[in-house]
Amino acid sequence: MSGSFKFLFKDSIILWSFWLTILFIVLGITIVGLAFFHLPPVIPLYNKMAWGYQRLGTKYEVALPLSLPIIFFIINIFFGKYTQGKVPLLARFLFLTGLCLALFTCIFMIKMILAVI
């Protein structure tokens, strides 16, 4: 880690949420990676849609829910670095929001894979 990000991790809430977010993202990627070849060609990903083929997605679309927490996590790191000196509470909320997003995405992926397999 470069020296410009070290001051960001002096806060214990930011440090714990950073590492837990990485843990949940890696756990989600691992679970999907292990189950990917056992998934059927179409998966019910879009549960809010009407009945029929609109609810189904290809098994390659599993990467979409996994990519969103990664993108938000990277954006929150840079935005948290910018706001840490000015508003430390906002930086904490950014990292905790990323943690919640990664946790709920991991839970969604586990539930979806268990329901399909």
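Procedures and definitions
Residues numbered from 1 in each chain as written. Predicted model: local features only at pLDDT ≥ 70, side-chain atom pairs only at ≥ 80, totals over all residues. Heavy atoms only, no water. Helix = DSSP H or I, 4+ residues; strand = E, 2+ residues; numbered from the N terminus. Rg over C-alpha atoms; globule rule 2.2 N^0.38 Å. Buried < 20%, exposed > 50% of the residue type's maximum accessible area, 1.4 Å probe, protein only. Contact = heavy atoms within 4.5 Å. Salt bridge = Lys/Arg side-chain N within 4 Å of Asp/Glu carboxyl O. pLDDT = per-residue confidence, 0-100.

> Looking at this structure, how should I read the overall build of the chain?
For the chain, the helix and strand inventory stands at 4 helices and 2 strands. Scanning the chain from its N terminus toward the C terminus, one meets helices and strands in the order α-α-β-β-α-α. Expected size for 117 residues packed as a compact globule is a radius of gyration near 13 Å; at 17 Å, the chain overshoots this value by more than 25%. Each principal axis of the C-alpha distribution contributes one length, and for the chain these read about 50 × 30 × 20 Å. Within the chain, the fraction of its 117 residues that count as buried is 35%. When contacts within the chain are restricted to residue pairs at least 6 apart in sequence, those whose partners lie at least 24 apart make up 62%.

> What exactly am I supposed to notice about the pattern of salt bridges here?
Once the charged atoms of two side chains with opposite charge are near each other, the side chains can pair. Overall, the coordinates contain 1 salt bridge when judged by the stated rule. Salt-bridge contacts for Arg92 lead to Asp11; the nearest nitrogen and oxygen are separated by 2.5 Å. Placement of the pair is Arg92 in helix H4 (residues 88-116) and Asp11 in the loop between helix H1 (3-6) and helix H2 (12-35), with a sequence separation of 81 residues. Residue Arg92 is classed as partly exposed on the basis of its relative accessible area, which comes to 30%.

> In this structure, what is going on with the confidence of the model for the chain? I would like to understand it.
In low-pLDDT segments, the atomic positions of the prediction should not be examined closely. For the chain, per-residue confidence averages 86 on the pLDDT scale, and 96% of positions sit at 70 or higher. Taking the mean pLDDT of every element in the chain, the minimum, 68, falls on H1 and the maximum, 92, on H2.

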